[in-house]
Amino acid sequence: MADPEPLSSEATATLRALLAGSDPVSGALLAQIPHTRVVGKCGCGCVTVDLEVDRTAVAAAPSHDNPAVDAWYDAPHSAGVMIFTEGGYLSLLEIYSVSDEPITAWPDPRFIER
């Protein structure tokens, strides 16, 4: 990808749903969303995106495991979704399918099971 681009509204909604919670890591990562840009996309055709946060605009999250979040969708596809970080900053929003077909749209966040 030549230039960073804004997060789609669907990717933003997915991040917000995955990071819903009162813990300090979720709160810090949520605060990064407005300062996050897409800097790459998966080559398989799925909606997975590489992320970059303006580190001058927002603080890093406290130390945590990677992936920071790992959840599941049952509808309309059986799919997993994960948030990865690097140095306390959002770095990857990944979706994967149990089928051979790439998932080409973010599922409705209401169907996330954590």
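What counts and what doesn't
Residues numbered from 1 in each chain as written. Predicted model: local features only at pLDDT ≥ 70, side-chain atom pairs only at ≥ 80, totals over all residues. Heavy atoms only, no water. Helix = DSSP H or I, 4+ residues; strand = E, 2+ residues; numbered from the N terminus. Buried < 20%, exposed > 50% of the residue type's maximum accessible area, 1.4 Å probe, protein only. Lys, Arg positive; Asp, Glu negative; His and termini not counted. Charge placed at Lys NZ, Arg CZ, Asp CG, Glu CD. pLDDT = per-residue confidence, 0-100. Salt bridge = Lys/Arg side-chain N within 4 Å of Asp/Glu carboxyl O. Pairing = 2+ DSSP bridges. Arc of directions from axis to C-beta. Contact = heavy atoms within 4.5 Å. Polar contact = N/O pair within 3.5 Å; in protein donor to acceptor, adjacent residues only side chain to side chain.

Even after reading the chapter, I still don't get the overall build of the protein chain, so can you show me in this structure?
Within the protein chain, the regular secondary structure consists of two helices and seven strands. Taking the principal axes of its C-alpha atoms as reference, the protein chain extends roughly 40 × 35 × 20 Å. Out of the 114 residues in the protein chain, the part that is buried amounts to 39%. A gap of 8 Å separates the mean positions of the 6 positive and 16 negative side-chain charges of the protein chain.

Mind showing me how you'd approach the confidence of the model for the protein chain here?
Detailed reading of the predicted coordinates is not advisable wherever pLDDT falls low. A residue-level look at the protein chain finds 98% of positions with pLDDT of 70 or above and a mean pLDDT of 93. The weakest mean pLDDT in the protein chain belongs to strand E7 (residues 112–113) at 86; the strongest belongs to strand E3 (residues 49–53) at 98.

Can you walk me through unusual backbone geometry in this structure?
Trans peptide bonds make up most of the peptide bonds, and negative phi angles are found at most residues other than glycine. In this structure, Pro67 follows Asn66 across a cis peptide bond, with omega equal to 5°. If you trace the backbone, Pro67 turns up in the loop between E3 and strand E4 (69–73).

Any chance you could explain the pattern of salt bridges here in plain terms?
Pairing between side chains of opposite charge can happen when their charged atoms approach one another. This model, assessed by the stated rule, comprises two salt bridges. Notably, a salt bridge pairs Lys41 with Glu5, separated by 3.2 Å at the nearest N-O pair. Within this pair, whereas Lys41 is found in strand E2 (residues 36–41), its partner Glu5 is found in strand E1 (residues 5–6), the two being separated by 36 residues in sequence. Residue Asp108 is joined to Arg110 by a salt bridge in which the shortest nitrogen-to-oxygen separation is 2.5 Å.

Any chance you could explain the sheet that holds E3 here in plain terms?
As summarised here, the arrangement of the seven strands in space is E1-E2-E3-E6-E5-E4-E7, forming an open sheet in which the pairing is antiparallel. Two strands bound the open sheet, and with one partner strand each, they are E1 and E7. For E4 and strand E5 (residues 79–86), the ladder comprises five bridges, and the chain directions are antiparallel. Note that in E5 the partner of Tyr73 across the bridge is Ala79.

Would you mind going over helix H2 (residues 24–32) with me for this structure?
Along H2, the residues that are buried comprise Val25, Ser26, Ala28, Leu29 and Gln32. Buried residues in H2, looked at end-on, bunch into an arc of 165°, giving them a common side. If you follow the buried residues of H2, they end up packed against E2, E3, E5 and strand E6 (89–97). For H2, the side-chain oxygen to backbone nitrogen distance between the N-cap and Val25 is 3.3 Å, and the N-cap itself is Asp23.

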